[in-house]
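# Breakdown of the fold
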Amino acid sequence: MVSGLINENPIVYERKERRDVRTDSSNTNELSVDTIDQLEVFDHIRDIKDPEHPYSLEQLKVLTEDSVEVDDSKSHVRVTFTPTVEHCSMATIIGLCVRVKLMRSLPSRYKIDIRVAPGTHATEAAVNKQLNDKERVAAALENPNLVEMVDECLSPSFE
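Residues numbered from 1 in each chain as written. Predicted model: local features only at pLDDT ≥ 70, side-chain atom pairs only at ≥ 80, totals over all residues. Heavy atoms only, no water.

- Under an unreviewed UniProt entry, the name given to the protein chain is MIP18 family-like domain-containing protein, and the organism recorded is Eruca vesicaria subsp. sativa.
- Quoted verbatim from the Sequence similarities (unreviewed entry) field of UniProt, the annotation for the protein chain is "Belongs to the MIP18 family." (UniProt positions renumbered as here; feature names shortened; annotations may be inferred.)

In structure tokens:
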């Protein structure tokens with residue numbers, strides 16, 4: 001991970017128990033659109049690793065079930081995350097990891113909106129602008145060092 005930690009001693013919380021995956025066999029139409037809910041989105045992002053610590057974003061309460069909003073009828077997902085410290089230099093990387101994980105996991109019809117929780121980061125507006133600007137995200141994903149860091153945060157931990 002990163003040397004020179006911003007938050008050397010973060011509070012680590014217990015993971016919530018995973019819910020059972022839906023197995024609705026009543027709908028066998030391959031062309032039907034599956035609905036996606038808040039818990040399904042949370043299941044996709046809960047295990048993303050923090051860039052500075054060997055803990056998941058769920059364990060650090062950067063992400064919670066309540067931080068995910070889904071409007072399936074409008075194909076819109078919003079994730080609001082809370083950095084562990086107000087001056088977190090990794091906030092943009094964390095948001096980029098969440099965006100990339102959802103881009104890889106959700107159908108392309110979804111608009112993904114990633115936000116820092118209001119009042120939880122010193123440069124909240126700038127971080128939000130970066131995370132939701134398609135051109136800035138595309139440019140970030142062309143940087144091999146950033147892609148390597150994102151892929152490391154998204155890699156399974158096998159716990």
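## Observations concerning the overall build of the protein chain
- When its secondary structure is counted, the protein chain shows five helices and three strands.
- Within the protein chain, the fraction of its 159 residues that count as buried is 37%.
- Across the protein chain, the fraction of contacts at a sequence separation of at least 24, relative to all contacts at a separation of at least 6, is 68%.
- Of the roughly 9700 Å² of accessible surface on the protein chain, a fraction of 49% belongs to carbon and sulfur atoms. (Helix = DSSP H or I, 4+ residues; strand = E, 2+ residues; numbered from the N terminus. Buried < 20%, exposed > 50% of the residue type's maximum accessible area, 1.4 Å probe, protein only. Contact = heavy atoms within 4.5 Å. Areas by Shrake-Rupley, 256 points an atom, 1.4 Å probe, with all protein chains shown as cover.)

## Description of the nonpolar core
- Counting 36 residues, the largest nonpolar core has Val-79, Phe-81, Val-98 and Leu-102 as the members making the most contacts within it.
- Of all elements in the fold, only α1 (38-45), β2 (76-81), α2 (91-105), β3 (111-116), α3 (124-131), α4 (134-140) and α5 (144-154) reach the threshold of two or more residues within this core.
- Among the elements that line this core, the one with the most residues is α2, at eight residues.
- In contact with Val-98, other than residues within four places in its own chain, are Ile-45, Ile-48, Leu-57, Leu-63, Val-79 and Ile-114. (Core = buried A, V, L, I, M, F, W, Y, C linked by side-chain atoms within 4.5 Å.)

## Structural notes on α1
- Buried residues of α1: Val-41, Phe-42 and Ile-45, and no others. Angularly, the buried residues of α1 cover 100° about the axis, an arc narrow enough to put them on a single face. (Arc of directions from axis to C-beta.)

## Quick word on the state of the cysteines
- All chains considered together, the criterion is met by zero disulfides.
- Cys-97 provides the cysteine sulfur closest to Cys-153, a residue in no disulfide bond, and the two sulfurs are 3.9 Å apart. (Disulfide = S-S within 2.5 Å.)

## Points about the environment of Asp-72
- In this fold, Asp-72 is placed in the loop between β1 (68-71) and β2.
- Using a relative accessible area of 18% as the deciding quantity, one classes Asp-72 as buried.
- Spatially, the C-alpha atom of Asp-72 lies 6.3 Å from that of Thr-35, the residues being 37 residues apart in sequence.
- Apart from the residues lying within four places of it in its own chain, the contact partners of Asp-72 are Asp-34, Thr-35, Ile-36, Arg-109 and Tyr-110.
- Polar side-chain contacts of Asp-72 include one of 3.2 Å to the backbone nitrogen of Ile-36. (Polar contact = N/O pair within 3.5 Å; in protein donor to acceptor, adjacent residues only side chain to side chain.)

## Observations concerning the environment of Val-12
- Along the chain, the position of Val-12 falls in the segment before α1.
- For the pair Val-12 and Leu-60, spaced 48 residues apart in sequence, the C-alpha to C-alpha distance is 5.1 Å.
- Sequence-distant contacts of Val-12, that is, excluding residues within four places in its chain, are made with Tyr-55, Gln-59 and Leu-60.

## Brief notes about unusual backbone geometry
- You will see that Lys-61, though not glycine, has its phi angle at about 55°, which is positive.
- Structurally, the position occupied by Lys-61 is in the loop between α1 and β1.
- Phi is positive for Ser-75, close to 50°, though the residue is something other than glycine.
- Its place among the elements puts Ser-75 in the loop between β1 and β2.

## A look at the pairing of β2
- In this structure, β1 lies alongside β2, joined through four bridges in antiparallel fashion. Looking at the pairing, Glu-69 lines up with Arg-78 of β2.
- One ladder, built from six bridges, connects β2 with β3; its direction is parallel. Across the sheet, the residue bridging to Phe-81 is Val-116, located in β3.
- Considered for its hand, the β-α-β crossover made up of β2, α2 and β3 is right-handed. (Pairing = 2+ DSSP bridges. Right-handed = clockwise from strand over helix to strand, strands pointing away.)

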